[in-house]
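Letter by letter, the chains look like this.
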Amino acid sequence: MNPVPMYVHVLGEEHYNCISALHKSMRGSHENAALYWLGRMLEGGEDPLYVARRLVRFASEDVGLSDPLALTQAVSAFQACHFIGMPECEVILAQCAVYLARAPKSIEIYKAYDSVKACLRNHKGPLPSVPLHLRNAPTKLMKSLDYGKGYKYNPAFSGPVEQEYLPDELRGVNFFNWTPSDV
């Protein structure tokens, strides 16, 4: 019996199955499985830049703020793969995949940004205006219309200042624990 060549997976459904398995193995903190699925893709002819792009997304989507260096690691891996290509970049991708598998996980940013998108898409009528004190005022006319008036430049203070940054209609909204019924 002749084995099916590994490159077949990049042509069809196995392409998506393998990247899904890599993603889910890293999400499950299973570094050994992450290496296997990475190797299966790379040895099967997968574009290393495709894999690197998926690692960048994973670093933000699944690791997020629980390890902010994960994104740096993933972007560096992408750049290194771009510079040197295969086969040399395989160990760089392996390092990144293991780093991401070992990293603590958090989807806090992913969920918060989804809340922002839902808020914007479900909004009825015109979107709220940018508050005057947050508007840019590069011209005399804009300044005469009170653009930027009352803005408190935080670095000029010894600590955080009380200032509203959302439109009045969204005052008090926290997208980190928001539900569509909140607005």
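Sequence order as written defines residue numbering, which begins from 1 separately in each chain. Per-residue local features of the predicted model are confined to residues with pLDDT of at least 70, and side-chain atom pairs are confined, for both listing and counting, to 80 or more; whole-chain, interface and lining totals are unaffected and use all residues. Each side-chain value is worked out from all heavy atoms of the structure, with water and hydrogens disregarded.

A. Highlighting unusual backbone geometry. With omega at 5°, the peptide bond leading from M86 into P87 counts as cis. Secondary structure elements are taken from DSSP: a helix is a run of H or I of four residues or more, a strand is a run of E of two residues or more, and numbering for both begins at the N terminus. Following the sequence through the fold, P87 ends up in the loop between α4 (69–84) and α5 (90–102). For S29, which is not glycine, the phi dihedral falls at a positive 60°. Assignment of secondary structure puts S29 in the loop between α1 (13–27) and α2 (31–43). Only protein chains enter the accessibility calculation, which uses a 1.4 Å probe. A residue is then buried if its area is under 20% of the maximum for its type, exposed if over 50%, and partly exposed in between. Overall, S29 belongs to the partly exposed group, its relative accessible area being 41%.

B. Expanded view of a nonpolar patch on the surface. What makes a patch is a set of residues exposed beyond 30% relative accessible area and free of salt bridges, joined within 9 Å when like-charged and within 5 Å when nonpolar (Val, Leu, Ile, Met, Phe, Trp, Tyr). Surface accessibility in these figures is a Shrake-Rupley result with a 1.4 Å probe; residues are shielded only by whichever protein chains are displayed. By convention in these notes, a salt bridge is any Lys or Arg side-chain nitrogen within 4 Å of a carboxyl oxygen on Asp or Glu. On the surface, L65, I109 and F176 cluster together to form a nonpolar patch covering roughly 290 Å² of accessible area. Residue placement: I109 occurs in helix α6 (residues 108–122). On the basis of relative accessibility, which here comes to 33%, the residue I109 falls in the partly exposed class.

C. Inspection of the confidence of the model for the chain at higher detail. Mean pLDDT over the chain: 91, with 92% of residues reaching 70 or higher. Element-level pLDDT for the chain is lowest in α6, with a mean of 93, against a maximum mean of 98 in α5. Residue-level confidence of the predictor is what pLDDT reports, using numbers from 0 through 100.

D. Just the side chain of S115, in detail. Inspection of the secondary structure puts S115 in helix α6. Apart from residues lying up to four places away in sequence, S115 is in contact with F175 and W178. In this analysis, two residues are considered to be in contact whenever any of their non-hydrogen atoms come within 4.5 Å of each other.

E. Quick look at the packing of aromatic side chains. We call Phe, Tyr and Trp rings a pair once their centres come within 6.5 Å, taking the six-membered ring for Trp, and we label the pair stacked below 30 degrees between planes, edge-to-face above 60, and tilted otherwise. Tallied over the entire structure, the rule returns 1 aromatic pair. When the NZ atom of lysine or the CZ atom of arginine is within 6 Å of a ring's centre and also within 35 degrees of its normal, the charge is said to sit over that ring. Directly above the ring of Y147 sits R135, whose terminal nitrogen or CZ lies 4.9 Å from the centroid.

F. Representation of the nonpolar core within the structure. Only buried residues count toward a nonpolar core. Its members are Ala, Val, Leu, Ile, Met, Phe, Trp, Tyr and Cys residues joined through side-chain atoms within 4.5 Å. Counting 28 residues, the largest nonpolar core has L22, M26, L38, V51, L55, L93 and L100 as its most contacted members. Every element with two or more residues in this core is listed here: α1, α2, α3 (48–63), α4 and α5. Considering every element that reaches this core, the biggest residue donor is α3, with 8 residues. Excluding its chain neighbours within four sequence positions, the residues that come into contact with L55 are L22, M26, A74, L93, C96, A97 and L100. Membership of the second largest hydrophobic core comes to 5 residues, among which are C119, L170, F175 and W178.

G. Representation of the layout of surface pockets within the structure. Here a cavity means grid points, on a 1 Å grid over the protein atoms only, where a 1.4 Å probe fits yet cannot get out; a pocket means an open set of points with protein on both sides within 12 Å along at least five of seven lines; lining residues are those with an atom within 4 Å of a point. Grid points are joined across faces, edges and corners, and a volume is the space filled by probe spheres set on the points. One number sums up the size of the largest pocket: a volume of about 160 Å³. Lining the largest pocket we find V116, C119, L120, H123, L127, P128, L166, P167, L170 and F175.

H. Geometry of α2. Helix span, expected: 1.5 Å multiplied by one less than the number of residues in the helix. Over its 13 residues, α2 runs 18 Å from end to end, which matches the ideal 18 Å to within 8%, given 1.5 Å per residue. Within the sequence span of α2, burial applies to A33, A34, L38, M41 and L42. Along the axis of α2, the buried positions cluster into a sector of 165°, meaning they face one direction only. Residues of α2 that are exposed and point over 90 degrees away from its buried face: N32 and E43. Phi turns positive one or two residues past the end of α2, at G45, with a value near 95°. To be clear, the arc concerns the directions from the helix axis to the C-beta atoms.

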